[in-house]
Amino acid sequence: MSRRNPTFLCQNCGASHSRWQGKCDGCGEWNTLAEEGQSAGIGARAAGGKPPRKGRLFALEPLTGAAPDAPRIASGIAELDRVTGGGFVRGSVLLMAGDPGIGKSTLLTQAAAALARRGERAVYISGEEAVAQVRLRAERLGIAAAPVELAAETSVEDIVATLSEGRTPRLVIVDSIQTMWTDMVDSAPGTVTQVRSTAQMLIRFAKRSGAAVILVGHVTKDGQIAGPRVVEHMVDAVMSFEGEGSHQFRILRSVKNRFGPTDEIGVFEMTGLGLREVANPSELFLSERDLGAAGTAVFAGIEGTRPVLVEIQALVAPSSLGTPRRAVVGWDQSRLSMVLAVLEAHCGIRLGGHDVYLNVAGGLRVHEPAADVAAAAALVSSLANSPLPADAVYFGEVSLSGAVRPVAQAAARLKEAQKLGFARAVFPEPSQKDASEPALAVEPVTTLAALVADIAARGRPGRGVHPPAEEAD
Ligand code: TYD
Ligand code: MG
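Conventions we followed
- Residues numbered from 1 in each chain as written.
- Chains lettered and ligands numbered in written order.
- Predicted model: local features only at pLDDT ≥ 70, side-chain atom pairs only at ≥ 80, totals over all residues.
- Heavy atoms only, no water.
- Pairing = 2+ DSSP bridges.
- Helix = DSSP H or I, 4+ residues; strand = E, 2+ residues; numbered from the N terminus.
- Near = heavy atom within 4 Å.
- Polar contact = N/O pair within 3.5 Å; in protein donor to acceptor, adjacent residues only side chain to side chain.
- Areas by Shrake-Rupley, 256 points an atom, 1.4 Å probe, with all protein chains shown as cover.
- Nonpolar A, V, L, I, M, F, W, Y, C, P; charged D, E, K, R; others polar.
- Salt bridge = Lys/Arg side-chain N within 4 Å of Asp/Glu carboxyl O.
- Buried < 20%, exposed > 50% of the residue type's maximum accessible area, 1.4 Å probe, protein only.

The subject of this paragraph is the sheet that holds strand β2 (residues 16-17). Overall, antiparallel pairing links the 3 strands, which are arranged β2-β1-β3 in an open sheet. Two strands bound the open sheet, and with one partner strand each, they are β2 and β3 (33-36). Here strand β1 (residues 7-10) pairs with β2 via 2 bridges, running antiparallel. Paired with L9 across the bridge in β2 is S16.

What follows is the structure, given as structure tokens:
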């Protein structure tokens, strides 16, 4: 007789533990372990009784061969198609992950409607909302007339059986994977085992039928239900839908894509009539600039293949706390610490008695190290109360030695800046100049100290960058 040991699975990352503990060793999250029964498929031991099944023979295929026509189908929503790499791939499974309420259902309802309007079969399975609620949303979005096929179902067996009948759907949306369940596993919907097993069944359905399947996955903080990470490795593509709750901008980012680029972003705006595409994100991110204020710098960034200009805002103010605050929104906290350390070590700036706040305007999250120079310029500008020229863009990577290093795609950044009416660019010039560089006034910068001196020289009298004693009064 084989004794079944209980298994504790982390609801965040899926790591398995033989006993309960407070912290998951796999991902470091607290309080996310839950006891789950083993499914027949995953981790089952051969000691269960039945003799091992004899394998079935299958044919091996060459790399070349006839592919079914039109392997991709574009949704018609350009920002979405950009992120998927040109449309949904036949027989592929895509995971759309995001915080609850960010707009996943809205975007996918719009995508399903756009496809259905062109005569493709699009099916929307909602496990969270009743049919009437989905209809209500569609009405509000003005797309209720589109022939999307709708159901409120949660049993994956029923869903697969229904979808296998008749014409193969081109697009199947399952909203959300955390509400789906299968009879094969005896744990509650939303647990790691259920999420994995149901995802596996839907993946098998997609590969067999050729339908493109989109799974919606809620990102969860508290580990009550399994997060999308437990299926990330099983699906073909993962898109993450992000945004700050207080902003109406939403960013769709491709995190993993077996059939296209990653790091590409799509920008949307949440309006009363659903998500609207933002074709030119730079214009949007710069639309509410506070010209002439100290502490803001425009960063010429690249998101995927597209240049995006954003405003980086900094506030450096004397602190009344023993340990001054360092707060950052939209940028990496450790990158900020590094830039501050370089400013202190190489540029003679003392920030030990100052609170530092850094914010990327518009709710964008910047991941590039190229933002170092813009962040440093904004910080120094705030400290020195010296507004930066309104028509300048900044980019470049700061190294620990205080040097400023060139970054990739300078020409694309400059071109976008010029298009938006900027007249000068502050950046480290690459060793080989690109012949196609546009005619912007170039202010090359090689060290952070030179940039700081330049900004300080422009500053208003009364607040200095170097003498920290003057700041104290
Ligand atoms: P939803 O798509 O339901 O989010 P998710 O599926 O990711 O949980 O979107 C929910 C939010 O979007 C809700 O707070 C209301 C807002 N919203 C609008 O502002 N305009 C709209 O037209 C719609 C449909 C939703
Ligand atoms: Mg939803």
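This next bit is on the site of ligand 1. Around ligand 1 there are 17 residues in total, and G101, K104, S105, T106 and T271 lie nearest to it. Between ligand 1 and I102, the relevant distance is 3.3 Å, taken from an oxygen atom to a main-chain nitrogen or oxygen of the residue. Take R137: an N or O atom from its side chain is 3.4 Å from an oxygen atom of ligand 1. In isolation ligand 1 has 560 Å² of accessible area, and contact with the protein removes 73% of it. Looking at the shell around ligand 1, the elements that each hand over two or more residues are α2 (104-117), α3 (131-141) and β13 (265-271). For the shell around ligand 1, the per-class residue count stands at 5 nonpolar, 8 polar and 4 charged.

A few words on the pattern of salt bridges. Tallied over the full model, the rule gives 18 salt bridges. With a shortest N-O distance of 2.8 Å, R258 and D236 are connected by a salt bridge. Of this pair, R258 sits in the loop between β12 (249-257) and β13 while D236 sits in the loop between α6 (229-232) and β11 (237-242); the two residues are 22 residues apart in sequence, bridging distant segments of the chain. Residue classification places R258 among the partly exposed positions, given a relative accessible area of 46%. Each of E79, R82 and R306 takes part in a single network of salt bridges with overlapping partners.

These figures come from the coordinates and say nothing about function on their own.
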